[in-house]
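Results of the structural survey
Each chain, written out:
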Amino acid sequence: MNDIETTRAAATLAAARPHRSGRRLVRRVAATTVASAVLVVSGIAVAATPAGASTYDPAGDMNSMYNTTRYMGAADWWDAGATGAGVDVALIDTGVTPVPGLDGPDKIIYGPDLSLESQAPNLTRLDANGHGTFMAGLIAGHDSTLTAPYSSAPASAYRGVAPDARIVSVKVGDANGAVDVSQVIAAINWVVQHRHDDGLNIRVLNLSFGTNGVQHYLLDPLAFAAEQAWRKGIVVVAAGGNLGFQSEDDDAPALADPAFDPTLLAVGSSDSMGTASMADDRVASFSPWPSRLLTRGVDLLAPGAHLQGLRVPGSYIDQKNPGGAIDARYFRGSGTSESTALVSGAAALILQKYPDATPDQVKRLLMSTGYRVSGPPQAIGGGELRLDEALDTPLPRWTQHALPALGIGSLEGSRGENHLIDDGVVLRGDQDIFGHPYRPLAMALRMAAGNTWSGGIWNGNTWSGNTWSGNTWSGAVWSGDSWSGNTWSGNTWSGNTWSGNTWSGNTWSGNTWSGNTWSGNSWSTTVWAGDSWQGATWG
C-alpha cells in the first residue's frame, strides 16, 4: 500500500485509535492557513508553506504526528502536565535548521559543529542533509500555532512527542551524511562534559545512526563512549538499524553499533499498517530481526513507518528523494532513526515527571509497559511504545547488570565499513580525522574519570582545554566557537593529514547552499550517507 492509499484508508475508518480519556481521533480538521514566506538563516533560504498550496490533511493520516502522538499516548502525558519542559535532548546528527515547526527562541541550543562543514560560515551548525532536522521535529516539534492544551490543538499544528523539550544540537554529519566515528565519539564526550552547563539539563541523548562494526561491545570505543553518557545520568536512545531479518548464518551483530551495547536503549520500528487499530501493528520490515537464539535484539519498538516530519527544502535528502515530500513543509520518512527520535521524546516526558529517575528506571518503565505485537522476543523487546500505560505505572526500582564496556578495542573496528573518502584516499586505522593516533586505553581512563580530551589521547594539539571557550549562553547559541583555540573551528584544517593526504584547501570550505541547491562538497563516504543514518527510506 503506498502513502496515498494509506492516507485514504485511514481517513475512511469508522473507528479511531482511542485516546486514553475516551475521546476519539478527529478525522478532519481544517488546515490552518500559513502566509507565504521565506525564512533566511545564515544565507539559507527556507520556504514556509505557501497559503493554500497544501492539500495535506494530518487528521486523515494515521502516520502524522497528530495521530502518532495520540495513539502512542503522548497526549495523555501532556494532559497530565508533562510536555518535556525543563528537559534537554542532545541530538548528535547532521545539524538542525530552524524551519517552521521548531519555533521559539530557546527551542534549539547549538553546541559545537564538529562536522566537515564547520569551516563554511553559511553551513555551520545548520542541516544541509535534512536528517537532523527531521529527528528534532519528531522529538520536540512545536508549531507556533500549537496552543495549550496540546491534546486539543488542531491537527494542522505540528507537534513532537515532547513539544516543550529543548534540542541541543551537536552537528557531526555533512550534507551527504559524511562523518567519521572519531567525530561522533568527540560529540558524545562534549555532551557528557557540558550536560549541566549554564542552565542546560541534558538528560537524553538521541543517536539515530549506527555503524556495522563487529567487535564486541565490551571492546568497542563508540559503545564505550555512549555508555559513559548513560552512567552520567543520560538516557542514551540508539537506533537498532535497518537490516531487517537476519539469518542464523549471519555472524555480524544483530544491532548496529552502539545499539548493540545492552546497557543502552536500543530501538526498533513498528508499522501501523495505516489503520486505527493497534491489533494489526507489525514489526516493520526493515527493523532488525535476529533469528539466532540468545542474540541481543531491540529493547523497544516505536512507530517508524511513513512518519510525517519537518522538511528542509533544498537539503540533500530533499533533492535525492523528491517522492518523500508531502508538501512545502513536510517530508515522509521510515526507519529506526524515526523510532529512536520518538522514544527520545518519550524519555523527556518521563524525566519531567520523574526528574530523579535513573536511565535504568526510564528504560525499564518503557519496556515493561509496551504493547506486545506479534514476533520473536529479539524483534520486539518490551513491545511497542505505549506511553498511556506508562503514565499509570509507578516508576520501577531497577538496576541493570550488564558488563560495562571497556573501550579498549579498535577505532577502525568501530567504523566497520563506514569510511570517509577524500579524492580516493580512505581514512583507515586507529587515527582521528586529523591523523592523530587513537590511544584507546588512555581515552577510556579519562572518559571514565569524567575528563575531557587532552594530552596523549589526541596528540595534545586538538582537544586542548577542558571547557567550551566562552562558557556562556548567548540566546540559543553557545557563544564560544572553538575548543579553547583548537582547530575544530575558527582555524583552517591545513597542516593536518591522514594517509598522506592533506586536508588543506579542500572544497567544503567553499560550499554554497542557497535556495534549493547546495554544491561544492567533495567529501564522500562509503556508507554513512545511506544505511548508517538509520532512515531506511524517504517516502
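Residues numbered from 1 in each chain as written. Predicted model: local features only at pLDDT ≥ 70, side-chain atom pairs only at ≥ 80, totals over all residues. Heavy atoms only, no water.

1. Brief notes about helix α9 (residues 359-368)
With 7 of 10 residues buried, α9 is to be regarded as a mostly interior element. Burial in α9 covers these residues: Pro359, Asp360, Gln361, Val362, Lys363, Leu365 and Leu366. Its buried side turned inward, α9 meets α6 (221-231), β7 (235-239), β9 (265-271), β12 (300-303), α8 (336-353) and α11 (387-391). (Buried < 20%, exposed > 50% of the residue type's maximum accessible area, 1.4 Å probe, protein only. Helix = DSSP H or I, 4+ residues; strand = E, 2+ residues; numbered from the N terminus. Contact = heavy atoms within 4.5 Å.)

2. Re the side chain of aspartate 180
With respect to the secondary-structure elements, aspartate 180 resides in the loop between β5 (166-171) and α5 (181-193). A polar contact of 2.6 Å, which involves the side chain of aspartate 180, links it to the side chain of serine 182. At 2.5 Å, the side chain of aspartate 180 forms a polar contact with the side chain of arginine 415. Setting aside its immediate chain neighbours within four residues, aspartate 180 contacts Arg415, Leu420, Leu427 and Ile433. (Polar contact = N/O pair within 3.5 Å; in protein donor to acceptor, adjacent residues only side chain to side chain.)

3. What about the packing of aromatic side chains?
Summed over the entire model, instances satisfying the criterion amount to 6 aromatic pairs. Ring centres of phenylalanine 134 and tryptophan 538 lie 5.1 Å apart, and the angle between their planes is 75°; this geometry places the pair in the edge-to-face category. One end of the pair, phenylalanine 134, is in helix α4 (residues 131-140); the other, tryptophan 538, is in strand β24 (residues 537-538), with 404 residues separating them in the sequence. The class for phenylalanine 134 is buried, based on a relative accessible area of 0%. (Phe/Tyr/Trp six-rings, centres within 6.5 Å; stacked < 30°, edge-to-face > 60°.)

4. Quick look at the pattern of salt bridges
Inspection of the entire model under this criterion finds 13 salt bridges. Here arginine 415 and aspartate 180 are joined by a salt bridge, their closest N and O atoms 2.5 Å apart. Pair noted here: arginine 415 is in helix α12 (residues 411-415) and aspartate 180 is in the loop between β5 and α5, with a separation of 235 residues, a long-range link. Here glutamate 412 makes a salt bridge to arginine 415, at a shortest N to O gap of 2.9 Å. Remark: arginine 415 and glutamate 412 occur in helix α12; sequence separation between them is 3 residues, near one turn of the helix. (Salt bridge = Lys/Arg side-chain N within 4 Å of Asp/Glu carboxyl O.)

5. Some remarks on a nonpolar patch on the surface
Where nonpolar side chains cluster on the molecular surface, the patch consists of Leu219, Leu406, Ile408, Leu441 and Leu445 and spans about 460 Å² of accessible area. Within the secondary structure layout, leucine 441 lies in helix α13 (residues 440-448). (Patch = residues over 30% accessible without salt bridge, like charges linked within 9 Å, V, L, I, M, F, W, Y side chains within 5 Å. Areas by Shrake-Rupley, 256 points an atom, 1.4 Å probe, with all protein chains shown as cover.)

6. Concerning the environment of glycine 73
Locating glycine 73 in the fold gives a position in the loop between α2 (65-71) and α3 (74-79). Put simply, glycine 73 and leucine 391 are 318 residues apart on the chain and 8.5 Å apart in space, counted from C-alpha to C-alpha. Non-local contacts of glycine 73, meaning those with residues more than four positions away in its chain, are made with Leu387 and Asp388.

7. Concerning the packing of α8 against α9
Contact pair α8 / α9: the axes reach a minimum separation of 11 Å and the direction vectors enclose 115°. Classified by the interaxial angle, the pair formed by α8 and α9 is roughly perpendicular. Note on packing geometry: the crossing formed by α8 with α9 is right-handed. Two secondary-structure elements touch here, α8 through Val343, Ala346, Ala347, Ile350 and Leu351 and α9 through Val362, Leu365 and Leu366. Looking at the contact of α8 with α9 residue by residue, the class counts come to 8 nonpolar, no polar and no charged. (Axes fitted to C-alpha atoms, helices over the stretch in contact; angles between N-to-C directions. Parallel < 35°, antiparallel > 145°, perpendicular 65-115°, else oblique. Left-handed = near helix turned anticlockwise from the far one by under 90°. Nonpolar A, V, L, I, M, F, W, Y, C, P; charged D, E, K, R; others polar.)

8. What about the nonpolar core?
Ile92, Ile188, Leu205, Val343, Leu366, Leu385 and Leu387 are the most contacted members of the largest nonpolar core, which totals 117 residues. Grouped together as the second largest cluster of nonpolar side chains are 6 residues, Leu116, Ala178, Leu427 and Phe434 included. (Core = buried A, V, L, I, M, F, W, Y, C linked by side-chain atoms within 4.5 Å.)

9. Some remarks on α8
Compared with an ideal rise of 1.5 Å per residue, which puts 18 residues at 26 Å, α8 spans 26 Å between its outermost C-alpha atoms and is within 8% of the ideal. Counting buried residues along α8, 16 of its 18 residues qualify, which places the element largely inside the surrounding structure. (Expected span 1.5 Å × (residues − 1).)

10. Re the pairing of strand β6 (residues 202-207)
Most of β6 is tucked away, with 6 of its 6 residues classed as buried. As defined by bridge partners, strand β3 (residues 88-93) adjoins β6 across 4 bridges and the pair is classed as parallel. In the sheet register, alanine 90 faces β6, and the bridge partner there is leucine 205. Traced from β6 through α6 to β7, the parallel crossover comes out right-handed. (Pairing = 2+ DSSP bridges. Right-handed = clockwise from strand over helix to strand, strands pointing away.)

11. Comments concerning the sheet that holds β24
Strands belonging to one sheet form pairs held by backbone hydrogen bonds; the direction of such a pair is parallel or antiparallel. With respect to topology, 3 strands assemble into an open sheet ordered β13-β14-β24, the strand pairing being antiparallel. Looking along the sheet, the strands with just one partner apiece sit at the ends: β13 (307-310) and β24. By the bridge criterion, 4 bridges tie β13 to strand β14 (residues 330-334) in an arrangement that is antiparallel. Bridging across to β14, glutamine 308 finds its partner in arginine 332. Docked against the sheet, α4 engages β13, β14 and β24, running at close to 110° with respect to β13.

12. Observations concerning the confidence of the model for the protein
Taken residue by residue, the protein gives an average pLDDT of 78. The fraction at 70 or more is 72%. Below a pLDDT of 50 lies the segment residues 1-52, which in the model reaches 112 contacts outside its immediate sequence neighbourhood of four places, other chains included. Overall, residues 452-531 carries pLDDT values under 50, and its contacts beyond four positions in sequence, including any with other chains, amount to 237 contacts. (pLDDT = per-residue confidence, 0-100.)

13. Some points on unusual backbone geometry
The omega torsion of the bond from alanine 148 to proline 149 falls at -5°, within 30 degrees of zero and hence cis. Along the chain, aspartate 257 connects to proline 258 via a cis peptide bond; the corresponding omega equals 20°. Mapping proline 258 onto the fold places it in the loop between β8 (245-246) and β9. Notably, aspartate 198 is not glycine yet its phi reads approximately 45°, a positive angle. Considering the arrangement of structural elements, one finds aspartate 198 in the loop between α5 and β6.

14. Some points on the packing of α5 against α6
Close contact between α5 and α6 brings their axes to 9 Å; oriented N to C, the two are set at 15°. Classified by the angle their axes make, α5 and α6 are roughly parallel. Crossing of α5 against α6: the hand is left-handed. Packed against α5, whose contacting residues are Val181, Val184, Ile185, Ile188 and Val192, the element α6 presents Pro221, Leu222, Ala225, Ala226, Gln228 and Ala229 at the interface. Partitioning the contact of α5 with α6 into residue classes produces 10 nonpolar, 1 polar and no charged.

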